[in-house]
Amino acid sequence: MHDLILKNVSFSYPGGFLAVDDINMEIKAGENVAIVGQNGAGKTTTVKMMNGLLRPTKGDVLIGDMNTKDYTTAQVSRVVGYVFQNPDDQIFHSTVESEVRFGPKMMKLEPEEENSRVEEALKITGMDKYREENPYNLPLSTRKFVTIAAVIAMNTDVLIFDEPTAGQDMEGNKRLADILRILHKQGKTVITISHDMEFVSMNFDKVIVMAKKKIVRTGTPREIFWDMDALDKAMLKQPYVSRVCRALGIEGGVICIEDAINEIMSRENV
């Protein structure tokens, strides 16, 4: 397993646009981390540097003892899997199974290992029932799970999800939460970009807040979602239940319904 460290990392796109400005970040092996912030904060650029899709203009991205500057994108992707925000940027096979099988096949695994990875990925994501379908016959929200399955089948130590909740309904979000739980239990490092603060508050142990190309704050969901200064800097809102409780004068780090119930019951028992 690999720790992931960014040291004094900046990135400028061709033309000189600065997207990430001298950030430092450390994600331990096996951590379940959300990166949050408004559009333009630098989130996607940051995670693309973790996967080798982009190379830092300044600084170093270290995955264990690998410096991404010294490896090809293909080599880095064997360690860090990346699920794009738009699945149509990633899908290019005519059936769900062939899409999921492509990565393991390119790795030239033994047939038994290849089949095992494909079947596990299809089962974890619920895509086994669609294995013979053309991905483009499926709704966009379901196509996202096809790309998630394809990355899971690669069996990388680190998995990055870029806005997986976008376009998902409650059932889709529940399935995503179950997938994250399974991967975390397997010891994988999971890094997720999300604008859904409710989803973040309920499914991650660590939250990194970005704003204006920099890191504003790192902490647990309870720390982050009651740090109004950090949220204001990043133009983020608390989860809905936290906002309701704050309006009622109830604080105590409430981030979910269970917290709110416990806080209310404790006050009634005083």
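For the structure itself, look to the data block above.
Since the structure is predicted, the reported quantities are computational estimates derived from the model, not experimental observations. (Residues numbered from 1 in each chain as written. Predicted model: local features only at pLDDT ≥ 70, side-chain atom pairs only at ≥ 80, totals over all residues. Heavy atoms only, no water.)

*Asks:* Explanation requested: the environment of Ser242 in the structure shown.
*Replies:* With respect to the element layout, Ser242 can be found in helix H10 (residues 240-247). Discounting chain neighbours no more than four positions away, the residues touching Ser242 are Trp226, Val254 and Ile255. (Helix = DSSP H or I, 4+ residues; strand = E, 2+ residues; numbered from the N terminus. Contact = heavy atoms within 4.5 Å.)

*Asks:* Got a minute to help me understand the sheet that holds strand S6 (residues 80-83) in this structure?
*Replies:* Backbone hydrogen bonds hold the strands of a sheet together, and the pairing may be parallel or antiparallel. Across the sheet, which stays open at both edges, the six strands sit in the order S6-S7-S8-S3-S9-S10 with mixed pairing between neighbours. Taken across any chain shown, the strands that pair with only one partner, and hence form the sheet edges, are S6 and strand S10 (214-219). Strand-to-strand, the axes of this sheet are offset by a mean angle of 20 degrees, without reference to chain direction. Alignment of strand S3 (residues 32-36) against strand S9 (residues 206-211), held across four bridges, turns out to be parallel. (Pairing = 2+ DSSP bridges. Axes fitted to C-alpha atoms, helices over the stretch in contact; angles between N-to-C directions.)

*Asks:* Any chance you could explain the sheet that holds strand S1 (residues 4-12) here in plain terms?
*Replies:* With respect to topology, four strands assemble into an open sheet ordered S2-S1-S4-S5, the strand pairing being antiparallel. The strands lining the two open edges of the sheet, one partner per strand, are strand S2 (18-27) and strand S5 (66-67). Along the sheet face, helix H1 (residues 43-50) touches S1, S2 and strand S4 (58-63) and points at about 60 degrees away from the line of S2.

*Asks:* Can you help me understand the packing of aromatic side chains in this one?
*Replies:* Two measures describe an aromatic ring pair: the distance that separates the ring centres and the angle between the ring planes. On inspection of all chains with the given rule, the structure shows four aromatic pairs. With a centroid separation of 6.0 Å and 65 degrees between ring planes, the pair formed by Phe199 and Phe204 is classed as edge-to-face. The exposure classification of Phe199 matches that of Phe204, with both residues buried. The ring centre of Phe145 lies 4.4 Å from the NZ or CZ of Arg175, which sits over that ring. (Phe/Tyr/Trp six-rings, centres within 6.5 Å; stacked < 30°, edge-to-face > 60°. Buried < 20%, exposed > 50% of the residue type's maximum accessible area, 1.4 Å probe, protein only. Lys NZ or Arg CZ within 6 Å of the ring centre and 35° of its normal.)

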